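Chain residues, written in single-letter form:
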Amino acid sequence: MRLSVLPKEVTLLSISFFFIFFGYNSVQNFITSFFSESGITNVGFRVLILAFLFFFLTGPVSAVVVSKFGSKKTMVFASVLYSIFIASLLTHSLPIIYLTSALVGIAAALLWTGQNSYLIVASSKKSFGANSGFFNTYLSVGSALGVLVLGFLASAFSFNLSFTIYLFFPLIGTLLLLKLSNLRVSQK
């Protein structure tokens with residue numbers, strides 16, 4: 001079996017998502033515990049419901065946005081909203097948190113549609129399966145590792161300090177996304 005070299009764009013996309021979801025998935029996994037410390041556990045559930053509701057509602061429109069603005073621009077814009085969401089948790093202002101929960105749901109639809117489109121364009125038909133597997137491995141490792149590290153940080157320090165640190169990881173992913181080539185889907 002011959003080991004093929006991954007395209008630079010697939011590697012960069014994978015590492016970007018490693019950082020975005022190292023930060024975001026970790027915070028998302030601890031969100032009910034975060035609000036439980038304040039005695040308002042139900043807010044954690046509402047935040048998750050809002051995010052997933054807006055992801056569901058925005059999904060069908062996201063393809064139009066990605067085709068109009070391109071995968072790279074859409075992913076860059078959406079990834080910034082992940083950090084804004086994490087930062088909003090530190091405000092402890094429920095209206096701001098609920099607003100950014102809806103925005104992160106919209107961002108998720110845009111980010112994932114942009115990612116799928118970009119990965120397809122950056123891959124050949126023969127390499128798409130391997131490239132997709134590589135991407136998903138980086139995403140999964142980033143998410144799992146992020147949860148483990150955040151668990152240790154939150155127990156050793158606090159959720160506020162941990163979330164402050166974690167809001168920078170999606171921004172690192174955003175900076176890496178900016179280095180991607182502007183690949184466009186050809187209309188056929």
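Please refer to the structure placed before this passage.
Residues numbered from 1 in each chain as written. Predicted model: local features only at pLDDT ≥ 70, side-chain atom pairs only at ≥ 80, totals over all residues. Heavy atoms only, no water.

A. Layout of the overall build of the protein chain. The helix and strand inventory of the protein chain stands at seven helices and zero strands. Start at the N end of the protein chain and walk to the C end: the helices and strands fall as α-α-α-α-α-α-α. The C-alpha radius of gyration computed for the protein chain amounts to 17 Å, which stays within 12% of the reference 16 Å derived for 188 residues, consistent with globular compactness. Taken along its principal axes, the extent of the C-alpha atoms in the protein chain is 55 × 35 × 25 Å. Put simply, the protein chain has 188 residues, and 45% of those count as buried. (Helix = DSSP H or I, 4+ residues; strand = E, 2+ residues; numbered from the N terminus. Rg over C-alpha atoms; globule rule 2.2 N^0.38 Å. Buried < 20%, exposed > 50% of the residue type's maximum accessible area, 1.4 Å probe, protein only.)

B. Structural detail: the side chain of Glu 9. By secondary structure assignment, the location of Glu 9 is in helix α1 (residues 8-37). Exposure remark for Glu 9: the relative accessible area of 10% places this residue in the buried category.

C. Quick peek at a nonpolar patch on the surface. Residues Val 141, Leu 145, Leu 148, Val 149 and Phe 152 make up a contiguous nonpolar surface patch of about 470 Å² in total accessible area. Examined against the element boundaries, Leu 148 turns out to sit in helix α5 (residues 128-156). (Patch = residues over 30% accessible without salt bridge, like charges linked within 9 Å, V, L, I, M, F, W, Y side chains within 5 Å. Areas by Shrake-Rupley, 256 points an atom, 1.4 Å probe, with all protein chains shown as cover. Salt bridge = Lys/Arg side-chain N within 4 Å of Asp/Glu carboxyl O.)

D. Looking closely at helix α6 (residues 159-166). Three or more residues of α6 are buried, namely Phe 159, Ser 162, Phe 163 and Tyr 166. Buried residues in α6, looked at end-on, bunch into an arc of 95°, giving them a common side. Buried residues in α6 make contact with α1, α3 (71-91), α5 and α7 (168-177). (Arc of directions from axis to C-beta. Contact = heavy atoms within 4.5 Å.)

E. Fine view of the side chain of Ser 71. Residue position: Ser 71 is located in helix α3. A residue is classified by how much of its surface remains accessible, and Ser 71, at 4% relative accessible area, is buried. In this structure the side chain of Ser 71 is engaged in a polar contact, spanning 3.4 Å, whose partner is the backbone oxygen of Gly 114. The contact partners of Ser 71, leaving out residues within four places of it in the chain, are Val 66, Gly 114, Ser 117 and Tyr 118. (Polar contact = N/O pair within 3.5 Å; in protein donor to acceptor, adjacent residues only side chain to side chain.)

By themselves these figures say nothing about function.
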